[in-house]
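Fold and geometry: a report
The lines below spell out each chain.
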Amino acid sequence: MSEFSKELLVTAEFCQSQDIDVFAKHVPMDWVAEAVQQTGRASLRTRRFPAEQAVWLVLGIGLMRNRSIPQVCDTLSLAFPDAKGDLPPLATSSIIKAKEKLGSEPMRYLFKTTAAQWETLCEFDEIAGLKLLSVDGTYFKTHNTEENHHFGFAQSTASFPSVLAVTLMSTRSHLLSDAAFGPVTHSEIHYAQQLVGSAPEHSLTLFDRGFMSAELLISWQGSGVNTHWLTPIKSKTRYRIIESFSEYDHLVEMPVSPQAKQQAPYLGERWQARLILIPSPKGDIKGFITSCLCPDTYPVNDLLKVYWQRWEIERGYGELKQYQLENKPVLRSKKKDGVYQELWGILTTYNIVRLEMAAMAVQHKVEPQRISFINALFLIQDEFGWSDRGSPGAIPQHLKRLRENGKRLIFPPKRKRPSYPRVVLKKTVKYPSKNATRS
């Protein structure tokens, strides 16, 4: 038996009765071992805090925003016994050193592994046999340290460097299928290109208007079988109608920009898409283009309903930042690689919460969006409390009882409200106005 196999065996035996069973029911120990081994971070000597335990620590940090790193380590009982069999608390410096030694690559590997596996466990919204997903970007602020200046500033007046993240999310379960992030000096399209090939076959991905790129959309469609896309048109979009299916439904041809042709000569001079126009309440014509060209296979009314679901990803981001990150705008890490590590951990634990919500939705036969995210988050966090106070074997019973009483966590069906044109809110006056009294 190799030294690594012995170390893994010791780790597995230790974990069977520890608090990280909370994670292990979703993240098997084999996945963690594979992540650290494939990225060259496996601990080859017996340590009180090996690399595998550091992975659980990063996941705990992503889930328990209100606790310090040493508190997370203690709550999960991550430290191995010493040579005497005792469990003295680890020094904070030892915990931080192990976390830094782990690096970000094992967490990235683990996120990719879990996302691919969990995607098969959740249901998707569908249209004409296509699974619905969405792509959009969001920002995370970091500490204003010299090393974090690597990420750049989102605005010239910003006080903190920021990370730009672009993710691929299910519109139904809000589970993340993939993610890419880095400095804000790169565009959203740059990170979306890294997601090409991540959408499952027979899917329709909804993009925001900022992702209007011939190279991106053509690559997305060519990455798999029926991997379609849909995105709003810009007001200055140039196109020529080739064929009309109805008054608001056309097959169009658009020119490829000189910049796009220079970067990707294979694109040619023009590309085609289906244009669907939407009369807004004011009479202005807006619309979207899509790779779903056949009007018989993909009826216009179905696509119109799908168009409005592109906002679901914004709702997912809002719940992540408001509840899981507790509205704390700045990430913990003060070093570049630590920021990448922390974000991969946050996104992985976010998906764990979504899995619990999907399980509750199936049990109570409702849509996953009707399950309260914050209550599902509390449910996961409460598991740590039960583990800390008693036997981890009691966790399934606690969860079963909570899920059976989960009707209290279900929102009422969303009301259908009339649509209104988008407007800019009027800014409040900073100072009170004073009428002239001079004669």
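That block above? That's the structure.
This report concerns the structure included in the present document. Quick caveat, the model's predicted, so the values are computed rather than measured. (Residues numbered from 1 in each chain as written. Predicted model: local features only at pLDDT ≥ 70, side-chain atom pairs only at ≥ 80, totals over all residues. Heavy atoms only, no water.)

Another aspect to go through is the packing of aromatic side chains. This model, assessed by the stated rule, comprises eleven aromatic pairs. When the centroid spacing of 6.0 Å and the interplanar angle of 45 degrees are considered together, the rings of Trp-229 and Trp-271 count as tilted. Taken together, the positions of Trp-229 in strand β6 (residues 227–232) and Trp-271 in strand β9 (residues 270–279) put the pair 42 residues apart, joining distant regions of the chain. Classification of Trp-271 by relative accessible area gives buried; the value is 8%. The side chain of Lys-321 reaches across the aromatic face of Phe-140, ending 5.1 Å from its centre. (Phe/Tyr/Trp six-rings, centres within 6.5 Å; stacked < 30°, edge-to-face > 60°. Helix = DSSP H or I, 4+ residues; strand = E, 2+ residues; numbered from the N terminus. Buried < 20%, exposed > 50% of the residue type's maximum accessible area, 1.4 Å probe, protein only. Lys NZ or Arg CZ within 6 Å of the ring centre and 35° of its normal.)

Our next topic: the pairing of strand β2 (residues 130–141). Of all twelve residues making up β2, nine are buried, and the element is well covered by its neighbours. Where strand β1 (residues 126–127) lies against β2, two bridges are found, and the strand directions are antiparallel. Across the sheet, residue Glu-126 finds its bridge partner in β2, namely Lys-131. Between β1 and β2, which pair antiparallel in sequence order, lie two residues; one of them, Ala-128, sits at a positive phi of approximately 50 degrees. In this structure, β2 lies alongside strand β5 (residues 203–207), joined through five bridges in parallel fashion. By the bridge assignment for β5, Ser-134 is matched with Leu-206. In terms of strand pairing, β2 meets strand β3 (residues 162–170) through nine bridges, oriented antiparallel. (Pairing = 2+ DSSP bridges.)

On to the packing of helix α3 (residues 29–38) against helix α7 (residues 105–119). Any two packed helices are characterised by the angle at which their axes cross and by the distance between the axes. Direction vectors running N to C along α3 and α7 enclose 140 degrees, while the axes themselves pass 8 Å from each other. Classed by the angle they form, the pair α3 and α7 counts as oblique. Judged by the twist between their axes, the crossing of α3 over α7 is right-handed. Touching Trp-31, Val-32, Glu-34, Ala-35, Val-36 and Gln-38 of α3 are Pro-106, Tyr-109, Leu-110, Thr-113, Thr-114, Gln-117 and Trp-118, all from α7. In terms of residue class, the contact of α3 with α7 is built from eight nonpolar, four polar and one charged. (Axes fitted to C-alpha atoms, helices over the stretch in contact; angles between N-to-C directions. Parallel < 35°, antiparallel > 145°, perpendicular 65-115°, else oblique. Left-handed = near helix turned anticlockwise from the far one by under 90°. Contact = heavy atoms within 4.5 Å. Nonpolar A, V, L, I, M, F, W, Y, C, P; charged D, E, K, R; others polar.)

Residue position: Thr-348 is located in helix α13 (residues 336–364). Setting aside its immediate chain neighbours within four residues, Thr-348 contacts Leu-59, Phe-111, Thr-114 and Trp-118.

The subject of this paragraph is unusual backbone geometry. Unusually for a residue other than glycine, His-202 sits at a positive phi of about 55 degrees. Mapped onto the elements of the fold, His-202 is located in the loop between α8 (188–193) and β5. For His-202, a relative accessible area of 35% puts it in the partly exposed group. Not every positive phi belongs to a glycine, and Lys-365 is a case in point at roughly 55 degrees. Within the secondary structure, Lys-365 sits in the loop between α13 and α14 (373–389). Looking at Lys-365, the relative accessible area reads 78%, which means it is exposed.

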